[in-house]
Amino acid sequence: MVDKEQERALVAAARRGDTHSFSLLYEMIYRDLYKAALYILQNPEDAENVVSDTVLDAYSGLDKLRSDVAFRGWIFRILNNKCNRLLREYVKRREMEASSTVDDMAETLQSEGTVEHEVENRSLTEQAFSVLSEEERRIVAMTVYGEYDSGEIAAVMGLNRNTVRSKYSRALNKMREALGAQL
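Attention in this report is confined to the structure presented alongside it. The structure presented is a predicted model; accordingly, all values stated were derived computationally and were not measured. (Residues numbered from 1 in each chain as written. Predicted model: local features only at pLDDT ≥ 70, side-chain atom pairs only at ≥ 80, totals over all residues. Heavy atoms only, no water.)

### Details of the overall build of the protein chain
Filter applied, for reference: Runs of E in the DSSP output that reach at least two residues are strands. Runs of H or I that reach at least four are helices, and both are numbered from the N terminus. Burial here depends on accessible area, computed with a 1.4 Å probe over protein chains only, as a share of the maximum for the residue type. Under 20% is buried, over 50% is exposed, and the range in between is partly exposed. Note on contacts: a residue pair qualifies if any of its non-hydrogen atoms lie within 4.5 Å across the two residues.
Scanning the protein chain from N- to C-terminus turns up 10 helices and zero strands. Tracing the protein chain from N to C terminus, the helices and strands come up as α-α-α-α-α-α-α-α-α-α. By the burial criterion, 38% of the 183 residues in the protein chain qualify as buried. For the protein chain, contacts bridging at least 24 residues in sequence account for 64% of all contacts bridging at least 6.

### Notes on the pattern of salt bridges
Condition: Only one rule defines a salt bridge in this text: a Lys or Arg side-chain nitrogen within 4 Å of an Asp or Glu carboxyl oxygen.
In this structure the tally under the stated criterion is nine salt bridges. Measuring nitrogen to oxygen at the nearest pair gives 3.7 Å for the salt bridge that ties Arg8 to Asp68. With Arg8 in helix α1 (residues 4-15) and Asp68 in the loop between α3 (44-60) and α4 (71-99), this pair connects stretches of sequence that are 60 residues apart. Of the residues examined, Asp68 reaches a relative accessible area of 18% and is grouped as buried.

### Notes on helix α2 (residues 19-41)
For clarity, the threshold we go by: At every residue, the bend is computed as the angle between two fitted axes, covering the seven residues ending there and the seven beginning there respectively.
The largest bend in α2 comes to about 45°, at Ile29. A positive backbone phi angle near 65° is found at Gln42, which sits one or two residues after α2.

### Observations regarding the packing of α2 against helix α8 (residues 134-144)
Our working definition: With axes taken as lines fitted to C-alpha atoms, and helix axes fitted only over the stretch in contact, angles between N-to-C directions fall between 0 and 180 degrees. Oblique is the label for any angle not covered by the other classes, which are roughly parallel (under 35 degrees), roughly antiparallel (over 145) and roughly perpendicular (65 to 115). Handedness of a crossing follows from how the near helix is turned relative to the far one, being left-handed for an anticlockwise turn of less than a right angle and right-handed for a clockwise one. Any residue outside Ala, Val, Leu, Ile, Met, Phe, Trp, Tyr, Cys, Pro, Asp, Glu, Lys and Arg is labelled polar, Gly included; the first ten of those are nonpolar and the last four are charged.
Interhelical geometry of α2 versus α8 gives an angle of 165° and a closest axis separation of 9 Å. As the angle between them shows, α2 and α8 are arranged roughly antiparallel. Of the two possible hands of crossing, α2 and α8 adopt the one that is right-handed. Touching Ala36, Tyr39 and Ile40 of α2 are Arg137, Arg138 and Ala141, all from α8. When the residues that make up the contact of α2 with α8 are grouped by side-chain class, the tally is four nonpolar, no polar and two charged.

### Observations concerning the packing of α1 against α2
Look at α1 against α2: their axes get within 8 Å of each other, and the N-to-C directions meet at 135°. By the angle between their directions, the pair α1 and α2 is classed as oblique. In this structure, α1 crosses over α2, and the sense of that crossing is left-handed. Only Ser21, Phe22, Leu24, Leu25 and Met28 of α2 make contact with α1, whose side of the interface consists of Glu7, Leu10, Val11, Ala13 and Ala14. For the contact of α1 with α2, the residue count by class is eight nonpolar, one polar and one charged.

Take a look at the structure:
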């Protein structure tokens, strides 16, 4: 486990062009990025793609990082923006499907039959996450997997710190209720 000072030193070295330091940072943060993306997007392939894009953008934009200690927040902000873009694409795709002909919709539903199967096989945790809104999933994922406090999440999402705390608390209560109904 790398402490904050070691992480800061790796970020400083990566900003100076040390690719090995960046690869160590990547190893440290990949799992947290992936988990957050997965719970926001609810799709493993999309989560992997978003994380890959995030890491590439972070590597190419290291010169835009204002402070070595801000690396985690900065890379999660990139991830959050990429997830938002993809969610907007999901909505556009759904709108296009809704406006397609009945035959096209039937084909789409047949090809997506595996989605129903996946939903049936979700773990209790995934079911609990499914009762949350997109914003609540982000807050919980960033708190649990990104280890951010309410102030950091508030800065990333453009919310008030107290709002983040109350939304987090309500989200946990929703998850408890969902898990209670499943047991």
